[in-house]
Amino acid sequence: MGRHQEFDADEVLEAAMWVFWEKGYRATSMVDLEAATGLQPGSIYNAFGSKKDLFLSVLDFYREQVVGQRVWVLLQTADPLEAIEAFFRTAYEDLEPEQLAGCLLTNSATEMAKADKDIQACVAAGVIQIETAFQERLIEAQAAGELSPDKDPALLAAHLNACFQGFGVVGRLTRDKARLGAICDAAMLCLR
């Protein structure tokens with residue numbers, strides 16, 4: 001009979017998420033994960049399997065808790081184009097420069113996706129989640145007459161998604177909020 005799990009899995013996943021987000025997959029050690037989660041290696045392995053399995057669980061958690069929440073807000077905001085702009089701006093405006101860590105999906109894509117098909121699939125699902133939300137809002141904007149009928153919502157959504165993924169990389173590298181604001185303004189020009 002297995003031992004009863006004596007921790008909150010979501011709390012563990014959130015703690016591990018912050019470590020992977022800051023350090024990346026390869027640079028995160030089991031010692032880092034033990035320190036962040038308060039768990040011993042045996043508990044981590046018993047609950048999540050390998051470091052890779054824990055990372056995949058963290059990516060799923062991130063997609064649900066972080067991306068899912070931001071997408072939900074994007075879909076609830078009344079004006080579709082303002083919602084898209086807010087999606088970009090909330091990624092940096094209220095953060096201190098040292099908090100500009102980029103998107104965990106993007107960071108993982110640049111570090112690991114090519115090397116591991118499971119990680120690639122998990123990251124791709126999150127990126128598609130964002131792009132799909134952009135496309136839904138662009139279709140609404142077009143129906144409301146806010147977006148020109150000659151613009152392709154699917155292509156624009158892909159463009160915005162590429163901008164957003166690059167946006168996170170620029171933020172992580174430069175920590176320059178003014179530059180991010182200018183990039184956001186430029187991204188929005190294609191919509192108006």
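Residues numbered from 1 in each chain as written. Predicted model: local features only at pLDDT ≥ 70, side-chain atom pairs only at ≥ 80, totals over all residues. Heavy atoms only, no water.

An unreviewed UniProt entry annotates the chain as TetR/AcrR family transcriptional regulator originating from Denitrobaculum tricleocarpae.

## Re the UniProt feature "domain: HTH tetR-type" (unreviewed entry) in the chain
Residues annotated in UniProt with the feature "domain: HTH tetR-type" (unreviewed entry) correspond here to residues 6-66. Helix makes up 77% of residues 6-66 and strand 0%, and the two end C-alpha atoms of the span are 25 Å apart. (UniProt positions renumbered as here; feature names shortened; annotations may be inferred. Helix = DSSP H or I, 4+ residues; strand = E, 2+ residues; numbered from the N terminus.)

## Things to note about helix H5 (residues 80-89)
For H5, the buried fraction is high: 7 of the 10 residues fall into the buried class. Inspection of H5 places Pro80, Leu81, Ala83, Ile84, Phe87, Phe88 and Arg89 among the buried residues, and these make up the whole buried set. On its buried face, H5 is in contact with helix H4 (51-76), helix H7 (117-143), helix H8 (153-174) and helix H9 (177-189). Near the N-terminus of H5, the side chain that reaches the backbone nitrogen of Leu81, with its oxygen 3.1 Å away, is that of Asp79. (Buried < 20%, exposed > 50% of the residue type's maximum accessible area, 1.4 Å probe, protein only. Contact = heavy atoms within 4.5 Å. Polar contact = N/O pair within 3.5 Å; in protein donor to acceptor, adjacent residues only side chain to side chain.)

## A short note on H7
The end-to-end C-alpha distance of H7 is 38 Å, a good match for the 39 Å that 27 residues give at a rise of 1.5 Å each. Regarding H7, the residues found buried are Ile119, Cys122, Val123, Gly126, Ile130, Ala133, Phe134, Arg137, Leu138 and Ala141. Turning to H7, the residues buried within the fold contact H4, H5, helix H6 (104-113) and H8. For H7, the N-terminal capping position is held by Asp116, with its side-chain oxygen 2.9 Å away from the main-chain nitrogen of Asp118. (Expected span 1.5 Å × (residues − 1).)

## Side note on the packing of H5 against H7
Close contact between H5 and H7 brings their axes to 8 Å; oriented N to C, the two are set at 150°. For the element pair H5 / H7, the angle class is roughly antiparallel. Seen from H5, the contacting residues are Pro80, Leu81, Ala83, Ile84, Phe87 and Phe88; seen from H7, they are Ile130, Phe134, Arg137, Leu138, Glu140 and Ala141. By residue class, the composition of the contact of H5 with H7 is 10 nonpolar, no polar and 2 charged. (Axes fitted to C-alpha atoms, helices over the stretch in contact; angles between N-to-C directions. Parallel < 35°, antiparallel > 145°, perpendicular 65-115°, else oblique. Nonpolar A, V, L, I, M, F, W, Y, C, P; charged D, E, K, R; others polar.)

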